[in-house]
Amino acid sequence: MTAKTEKLLAILKAQPVVPVLIVDDAKSAVPLARALVAGGLKAIEITMRTPAALDAIRAVAAEVEGANVGAGTILSAKDWDAAVAAGSTFIVSPGVTRGILDAANASDVPILPGAATASEVMALREEGVEVMKFFPAEQAGGAAYLKALSSPLAGTLFCPTGGVSLKNAKDYLSLPNVVCVGGSWVAPKELVAAGDWAGITRLASEAAALKA
Ligand code: 3PG
């Protein structure tokens, strides 16, 4: 296992759930991340889907003690460079391109690239990737599908994301090839808009207590 994979696993194994955030207002990012960290979720993925994303990553990286902020929805090498410059400690992409893999190989920051089929997993294995995001998890076939990949593609670990919630997280966490799950349910839009940080800490604690 490479040092970068070990770095990624150390981040992902620290908690059963990685919150996936779409931040509309960069000002909410710091209290939101603090609320998640207080609940036990230190690795936080901020998706690059809003104009506020880079400012949000920068603010969390600089101001939230204990947080490991990663960038999600990386679609190009340009996104990679911007996310890393903002302070991301890991990078998540829904799929992968040659440009992203080249950026990843030239960087010290670990990548969690998306894959949804046996061929996509095999192609990433050829690139030396050992840990992947299984995306979109529920829509692609759910826990039963991922379980079916565990024997032929043994040695690859996954963070299933997409349609994962408190209801089905354990179905994934109990699989031998799952290291953690990702999900947006721990930071509902309404609670963020209301500034209900205590409510988010409660959801985070509930998620952090999930076991296989
Ligand atoms: C996403 O792409 O938005 C993430 O995979 C999170 O999915 P979710 O909102 O279904 O948890």
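Before reading further, recall that the structure is shown in the block above.
The structure reproduced in this document is the subject of the present report. None of the values given here were measured: they were computed from a predicted structure.

**Concerning the nonpolar core**
Within the largest apolar cluster, 60 residues are counted, with the highest numbers of intra-cluster contacts made by Leu36, Ile46, Trp80, Tyr172, Val181 and Trp185. The residues touching Trp80, leaving out its near neighbours within four places in the chain, are Ile74, Ile91, Ile100, Ala103, Ala104, Ser107, Val109 and Ile111. Formed by 14 residues, the second largest nonpolar core is a distinct cluster that contains Leu12, Val131, Cys159 and Cys180.

**A closer look at the pattern of salt bridges**
Considering all chains together, one arrives at 4 salt bridges under this definition. Linking Asp24 and Lys189 is a salt bridge whose minimum nitrogen-to-oxygen distance equals 3.0 Å. Of this pair, Asp24 sits in the loop between β1 (17-21) and α2 (26-38) while Lys189 sits in helix α10 (residues 189-194), and the two are 165 residues apart along the sequence. Where Glu127 meets Arg98, a salt bridge forms, and the shortest distance between an N and an O atom there is 2.7 Å. Taken as a pair, Glu127 in the loop between α6 (118-126) and β6 (131-134) and Arg98 in helix α5 (residues 98-105) lie far apart in primary sequence, 29 residues in all. For Arg98, a relative accessible area of 44% corresponds to the partly exposed category.

**Focus: the environment of Asp196**
On the secondary structure map, Asp196 appears in the loop between α10 and α11 (197-208). Judged by its relative accessible area of 27%, Asp196 falls in the partly exposed class. Residues Asp196 and Tyr145 lie 51 residues apart in sequence; the distance between their C-alpha atoms is 36 Å.

**Some points on the layout of surface pockets**
Estimated volume of the largest pocket: approximately 410 Å³. Along the walls of the largest pocket sit 23 residues, with Val20, Leu21, Ile22, Ser184 and Ala187 positioned nearest its centre. Looking at the lining of the largest pocket, the elements with two or more residues in it are β1, α2, β8 (181-183) and α10. For the lining of the largest pocket, the leading source of residues is α10, giving 3 residues. In the lining of the largest pocket, the residues fall into 11 nonpolar, 7 polar and 5 charged. Every element with two or more residues in the lining of the second largest pocket is listed here: α1 (3-12) and α5. Residue classes in the lining of the second largest pocket are distributed as 8 nonpolar, 4 polar and 3 charged.

**Describing the sheet that holds strand β7 (residues 157-160)**
The strand order across the open sheet formed by 8 strands is β7-β6-β5-β4-β3-β2-β1-β8, and the pairing between neighbours is parallel. A strand with exactly one partner marks an edge of an open sheet, and here the two such strands are β7 and β8. Taken pair by pair, the neighbouring strands of this sheet meet at an average axis angle of 30°, ignoring direction. Where β1 meets β8, 3 bridges bridge the pair, whose relative direction is parallel. Across the sheet, residue Val17 finds its bridge partner in β8, namely Val181.

**Focus on the side chain of Asn177**
Summarising the element assignment, Asn177 is placed in the loop between α9 (169-173) and β8. At 3.1 Å, the side chain of Asn177 and the backbone oxygen of Leu146 are in polar contact. When residues no more than four places from it in sequence are discounted, the contact partners of Asn177 are Leu146, Leu149, Ser150, Thr156, Leu157 and Phe158.

**Quick look at the site of the ligand**
What surrounds the ligand is the set Val20, Arg49, Lys133, Phe135, Thr161, Gly162, Gly163, Gly183 and Ser184. A distance of 2.7 Å separates an oxygen atom of the ligand from a polar side-chain atom of Arg49. Measuring from an oxygen atom of the ligand, one finds a side-chain N or O atom of Ser184 at 2.5 Å. When the ligand sits alone it has 310 Å² of accessible area, and the protein chains cover 78% of it. Its atoms largely coinciding with the cavity grid, the ligand occupies the largest pocket. Partitioning the shell around the ligand into residue classes produces 2 nonpolar, 5 polar and 2 charged.

**Here we look at empty space enclosed by the protein**
This model, assessed by the stated rule, comprises 1 cavity of 30 Å³ or more. Its boundaries defined by the atoms lining it, the largest cavity holds a volume of some 50 Å³. Around the largest cavity, the lining residues are Leu12, Val18, Glu45, Phe90, Val92, Leu112, Lys133, Cys159, Thr161 and Gly182. When the residues that make up the lining of the largest cavity are grouped by side-chain class, the tally is 6 nonpolar, 2 polar and 2 charged.

Scoring rules and cut-offs
- Residues numbered from 1 in each chain as written.
- Predicted model: local features only at pLDDT ≥ 70, side-chain atom pairs only at ≥ 80, totals over all residues.
- Heavy atoms only, no water.
- Core = buried A, V, L, I, M, F, W, Y, C linked by side-chain atoms within 4.5 Å.
- Buried < 20%, exposed > 50% of the residue type's maximum accessible area, 1.4 Å probe, protein only.
- Contact = heavy atoms within 4.5 Å.
- Salt bridge = Lys/Arg side-chain N within 4 Å of Asp/Glu carboxyl O.
- Helix = DSSP H or I, 4+ residues; strand = E, 2+ residues; numbered from the N terminus.
- 1 Å grid on protein atoms, 1.4 Å probe; cavity = no way out; pocket = protein on both sides within 12 Å on 5 of 7 lines; lining within 4 Å.
- Points joined across faces, edges and corners; volume = space filled by probe spheres on them.
- Nonpolar A, V, L, I, M, F, W, Y, C, P; charged D, E, K, R; others polar.
- Pairing = 2+ DSSP bridges.
- Axes fitted to C-alpha atoms, helices over the stretch in contact; angles between N-to-C directions.
- Polar contact = N/O pair within 3.5 Å; in protein donor to acceptor, adjacent residues only side chain to side chain.
- Near = heavy atom within 4 Å.
- Areas by Shrake-Rupley, 256 points an atom, 1.4 Å probe, with all protein chains shown as cover.
- Sits in = over half its atoms within 2 Å of the grid points.

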